[in-house]
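Observations on chain architecture
Spelled out, the chains give:
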Amino acid sequence: MMTGLPAVDLRDLHRRALDLAGGAIAQVTAVDLDRPTPCTEWNLGDLLRHMVGENHGFAAAADPPAQRSVRDGDDPFGAFHDSAAAVTKAFAAPDFYDRQVEIGEFGVFPGRVAISMHLVDCLVHGWDVATSIDTFYRPDPELVASALAMASRWPDTPKSRGPGAAFDTRVPVPDDAPDFQRLLGLLGRDPSWAAPC
């Protein structure tokens with residue numbers, strides 16, 4: 001699926017993506033959970049449950065004996081915080097970069113690829129959350145450039161994109177658009193999406 005990842009500290013980038021998403025999630029209140037999101041099949045509550053589940057799923061794939069700690073859905077930030085800590089700890093193993101990890105329906109990959117997959121997922125879903133509640137979200141250029149380089153290697157086939165697939169169909173974005181807008185389009189988001197009033 002991917003080879004030749006950028007020569008950067010993936011763990012540091014991953015932590016920064018989690019922190020950025022967590023900052024948006026910290027602003028979510030109970031009255032926001034029914035809001036629509038750029039992930040058209042999910043409202044905000046559904047999206048947050050997905051993000052927490054992904055964190056725990058990647059943590060369990062990286063460290064199968066790891067225990068899951070799941071909080072009640074009335075505390076989305078607490079649940080995300082717990083799950084982010086679990087996946088960060090699992091990815092911190094000294095040998096993890098080169099360990100083979102099975103990621104759900106995607107297959108088996110070296111740990112460094114698993115980290116990159118989760119990093120991109122978290123970064124873009126963080127934008128989904130922030131956009132849903134209309135709050136500021138600006139990843140730093142290094143994080144965006146690395147995520148774009150990673151995601152651009154992902155397959156673009158009918159099996160991998162569209163209804164029921166892992167990724168939505170690409171949204172056309174101008175070649176000269178900012179990197180983050182290009183990343184959003186690559187992963188099936190319309191960068192100009194805004195929640196209905």
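Here's what I pulled together on the structure shown here.

What counts and how
Residues numbered from 1 in each chain as written. Predicted model: local features only at pLDDT ≥ 70, side-chain atom pairs only at ≥ 80, totals over all residues. Heavy atoms only, no water. Pairing = 2+ DSSP bridges. Helix = DSSP H or I, 4+ residues; strand = E, 2+ residues; numbered from the N terminus. Buried < 20%, exposed > 50% of the residue type's maximum accessible area, 1.4 Å probe, protein only. Polar contact = N/O pair within 3.5 Å; in protein donor to acceptor, adjacent residues only side chain to side chain. Phe/Tyr/Trp six-rings, centres within 6.5 Å; stacked < 30°, edge-to-face > 60°. Contact = heavy atoms within 4.5 Å. Core = buried A, V, L, I, M, F, W, Y, C linked by side-chain atoms within 4.5 Å. Axes fitted to C-alpha atoms, helices over the stretch in contact; angles between N-to-C directions. Parallel < 35°, antiparallel > 145°, perpendicular 65-115°, else oblique. Left-handed = near helix turned anticlockwise from the far one by under 90°.

**Looking at the pairing of strand 2 (residues 107-110)**
Here strand 1 (residues 100-103) pairs with strand 2 via four bridges, running antiparallel. In the sheet register, I103 faces strand 2, and the bridge partner there is G107.

**Some words on the side chain of T37**
With respect to the element layout, T37 can be found in the loop between helix 1 (10-25) and helix 2 (44-62). Assessed through its relative accessible area of 3%, T37 is described here as buried. Separated by 3.0 Å, the side chain of T37 and the backbone oxygen of C39 make a polar contact. A distance of 2.9 Å separates a polar atom in the side chain of T37 from the backbone oxygen of W42.

**A few points about the packing of aromatic side chains**
The final tally for this structure, using the stated rule, is two aromatic pairs. On the numbers, 5.1 Å between centres and 25° between planes, the contact of F91 with F96 is stacked. Accessibility classification places F91 together with F96 in one group, the buried group. Summarising the aromatic geometry, the rings of Y137 and F180 are spaced 6.3 Å apart at their centres and angled 40° between planes, so their arrangement reads as tilted. Here Y137, found in the loop between helix 4 (111-132) and helix 5 (141-151), pairs with F180, found in helix 6 (residues 179-186); they are 43 residues apart in sequence, far enough to count as distant. Judged by its relative accessible area of 11%, Y137 falls in the buried class.

**Some remarks on the environment of A26**
Structurally, A26 can be placed in the loop between helix 1 and helix 2. The partly exposed category is assigned to A26, whose relative accessible area is 45%. Here the alpha-carbon distance between A26 and F77, two residues 51 residues apart in the chain, equals 5.3 Å.

**Regarding helix 6**
Within the span of helix 6, buried status applies to F180, L183, L184, G185 and L186. Residues of helix 6 that are buried sit in contact with helix 4 and helix 5. Of the residues flanking the end of helix 6, it is G188, one or two places downstream, whose phi is positive at about 85°.

**Some words on the nonpolar core**
Ranked by internal contacts, the top residues of the largest apolar core, which has 56 residues, are F80, V120, V129 and L183. Listed by contribution, the elements that provide at least two residues to this core are helix 1, helix 2, helix 3 (76-91), strand 1, helix 4, helix 5 and helix 6. Among the elements that take part in this core, helix 4 stands out by supplying 12 residues, more than any other. Excluding anything up to four places from it in sequence, V129 contacts A24, I25, V28, L44, L47, L48 and M51.

**Looking at the packing of helix 3 against helix 4**
Their axes nearest at 11 Å, the elements helix 3 and helix 4 cross at an angle of 155°. Taken together, the axes of helix 3 and helix 4 are roughly antiparallel relative to one another. For the pair helix 3 and helix 4, the sense of crossing is left-handed. Taken together, the residues of helix 4 that come into contact with helix 3 (itself represented by F80, V87 and F91) are A114, I115, H118 and C122.

**Comments concerning the side chain of N55**
Tracing the sequence through the fold places N55 in helix 2. At a separation of 2.7 Å, a polar atom in the side chain of N55 contacts the side chain of H118. If we ignore the near neighbours within four places in the chain, the residues touching N55 are L18, F80, S83, A84, V87 and H118.

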